[in-house]
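Spelled out, the chains give:
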Amino acid sequence: MALDARQWLDKIRALPLTSPMRIMNVCGGHERSISMAGLRSALPDMIDLIPGPGCPVCICPEEDIYQAIQIGLNEPDSIVVAFGDMLRVPVNVSSKSVRSLEQAKAAGADIRPIASPSEAVRIAKSEPGKTVVFFVAGFETTCAPVAGMLAEGIPDNLLLLMSGRLTWPAVAMLLDYETPSFDALIAPGHVSTVMGPEEWQFVVDRHGFPAAIAGFTPDSLLAAIYSVLRQKLDGRIFLDNCYEQVVKPHGNPTARRLIESTLTIIDAPWRGIGIIPASGLELSAGYAQHNARLRFPVHAENARKNAGTMPPGCDCARVVLGRIKPVDCKLYGASCTPRSPVGPCMVSDEGACRIWWSSGIRTQSTEHEKTTCT
């Protein structure tokens, strides 16, 4: 019989832990579940749960956001569509300039939030006299349906500005640091559902770190936390699948085939972090006629690639890398709040700063005050 969250918590508390254990959860959805359920305060003090780089909005290159804004403002027959979180992400321009897609919309650009690729197709079909630019920022679970959309065939007037990213190269980069910021990994269940659990085997084989794949409920997350702790204690390191009901060997073959047939892997920039080799997804050559970068090169400002860091004073990059907690950023809760975000980590529902603030975490002390599993 499957254990519930309370039972997993009891098993974790019974472990003979003798030294601190830093466990990184890659996914923004994991971070939301952990924070909303108050798991940090319910776990023993020796266990430190660290938010990781699993927020696509947070790491979307500044130059891509800037290009999407400029297309919307300067191409009168264009419609720019993007997933809702992207509309509020600011770029590094003066306060008198248009700093986000949301502000571009207020300035008269036709900017529309969408929830799925099918909405982009519908808009393009309903507006045949317009050029619809779908600004795609997301990881494998977002790129798979985009790939399906491309494979089915899209209207001639639908272009894509791709900012797709793969999750595992960022984790590989973090593990290649001389001093990694974590000791064990909780891998994202939804990405593993698409790409297969094997994508995370390198964490064990190449680096010797405990790893477990988790779903998004407290019981699944606690099962994964128990697994990596038990692995460390026993000295038996392996990749544990704690989301077997959904994550199957080799993932979703159809989704993987669609990604491979429509998109190509490139070296790609991550905002505030730099280029991560083989971490980006771009349209393959067969879909070049739908590539917004090629159609609107005039709106790609090369200087942005050098200026594409986080806003001044913003520590989102170090939060994404697991180097600091959201509350360690000097702007957190001061000039940066969900109502008036400075950095992308406070904009997105998958950003650690936004999640912590929404969970009532205001300072280091309040990080441990909320407990619901005891």
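Further up the page is the structure itself.
A short tour of the structure in this document, coming up. (Residues numbered from 1 in each chain as written. Predicted model: local features only at pLDDT ≥ 70, side-chain atom pairs only at ≥ 80, totals over all residues. Heavy atoms only, no water.)

## Observations concerning the overall build of the chain
Helices and strands together make up the secondary structure of the chain, namely 17 helices and 11 strands. A compact globule built from 374 residues would reach a C-alpha radius of gyration of about 21 Å, and the chain, at 21 Å, matches this within 12%. A buried classification covers 59% of the 374 residues belonging to the chain. In the form shown here, the chain has an accessible surface area of approximately 15300 Å², with 51% of it arising from carbon and sulfur atoms. (Helix = DSSP H or I, 4+ residues; strand = E, 2+ residues; numbered from the N terminus. Rg over C-alpha atoms; globule rule 2.2 N^0.38 Å. Buried < 20%, exposed > 50% of the residue type's maximum accessible area, 1.4 Å probe, protein only. Areas by Shrake-Rupley, 256 points an atom, 1.4 Å probe, with all protein chains shown as cover.)

## Re the pattern of salt bridges
Counting across every chain of the model gives 11 salt bridges. We note a salt bridge from glutamate 102 to arginine 88, for which the minimum N-O separation is 4.0 Å. Taken as a pair, glutamate 102 in helix α6 (residues 101-106) and arginine 88 in the loop between β3 (78-83) and α6 lie far apart in primary sequence, 14 residues in all. Here arginine 88 falls in the partly exposed class, since its relative accessible area comes to 25%. (Salt bridge = Lys/Arg side-chain N within 4 Å of Asp/Glu carboxyl O.)

## A short note on helix α13 (residues 253-262)
Listing the buried residues of α13 in full gives Ala255, Leu258, Ile259 and Thr262. Down the axis of α13, the buried set is contained in an arc of 100°. They therefore lie on one face. Facing away from the buried side of α13 by more than 90 degrees, the exposed set consists of Pro253 and Glu260. Where α13 is buried, its residues meet α8 (140-152), α10 (189-195), β10 (263-270) and β11 (274-283). Its side-chain oxygen at 3.1 Å from the backbone nitrogen of threonine 254, asparagine 252 defines the N-terminal cap of α13. (Arc of directions from axis to C-beta. Contact = heavy atoms within 4.5 Å. Polar contact = N/O pair within 3.5 Å; in protein donor to acceptor, adjacent residues only side chain to side chain.)

## Thoughts on the packing of helix α1 (residues 5-13) against helix α12 (residues 218-234)
For the pair α1 and α12, the least separation of the axes is 8 Å and the interaxial angle reads 20°. One element, α1, and the other, α12, form an angle in the roughly parallel class. The hand of the α1/α12 crossing is left-handed. Here Ala5, Trp8, Leu9, Lys11 and Ile12 of α1 lie close against α12, whose contacting residues are Pro218, Asp219, Leu222, Ala223, Ile225, Tyr226 and Leu229. (Axes fitted to C-alpha atoms, helices over the stretch in contact; angles between N-to-C directions. Parallel < 35°, antiparallel > 145°, perpendicular 65-115°, else oblique. Left-handed = near helix turned anticlockwise from the far one by under 90°.)

## Here we look at the side chain of arginine 40
Secondary-structure assignment places arginine 40 in helix α3 (residues 39-42). Here glutamate 31 takes part through its side chain, which lies 2.9 Å from a polar atom of the side chain of arginine 40.

## Thoughts on the layout of surface pockets
Approximately 300 Å³ is the volume found for the second largest pocket. Listed by contribution, the elements that provide at least two residues to the lining of the second largest pocket are β1 (21-27), α4 (56-59), β5 (131-138), α8 and α10. In terms of residue class, the lining of the second largest pocket is built from 13 nonpolar, eight polar and two charged. (1 Å grid on protein atoms, 1.4 Å probe; cavity = no way out; pocket = protein on both sides within 12 Å on 5 of 7 lines; lining within 4 Å. Points joined across faces, edges and corners; volume = space filled by probe spheres on them. Nonpolar A, V, L, I, M, F, W, Y, C, P; charged D, E, K, R; others polar.)

## Describing the pairing of β11
Within a regular strand, the side chains alternate between the two sheet faces. Of the strand pairs in this sheet, strand β6 (residues 158-165) and β11 are connected by two bridges, and their pairing is antiparallel. Within β11, the position partnered with glycine 164 by the bridge is leucine 281. Pairing of β10 with β11, which is carried by seven bridges, proceeds in the antiparallel orientation. Looking at the pairing, tryptophan 270 lines up with glycine 274 of β11. (Pairing = 2+ DSSP bridges.)

## Regarding empty space enclosed by the protein
Under the counting rule described, the total for this entry stands at two cavities of 30 Å³ or more. Counted as a void, the largest cavity has a volume near 90 Å³. In terms of lining, the largest cavity is formed by 16 residues, of which the most central are Pro51, Gly52, Cys55, Glu350 and Ala352. Looking at the lining of the largest cavity, the elements with two or more residues in it are β1, α2 (28-36), β2 (47-54), α16 (316-320) and α17 (352-358). Here the residues of the lining of the largest cavity are counted per class, giving nine nonpolar, five polar and two charged. Here the second largest cavity is characterised by a volume of approximately 60 Å³.

## Some details on the state of the cysteines
Under the definition given, this model contains one disulfide. Through a disulfide, cysteine 55 is tied to cysteine 58; the S-S separation comes to 2.3 Å. An S-S torsion of about 70° defines the bridge between cysteine 55 and cysteine 58 as right-handed. Relative accessible area serves as the criterion here: at 1%, cysteine 58 is assigned to the buried category. Lacking any disulfide linkage, cysteine 60 is separated from the closest cysteine sulfur, that of cysteine 55, by 10.0 Å. (Disulfide = S-S within 2.5 Å.)

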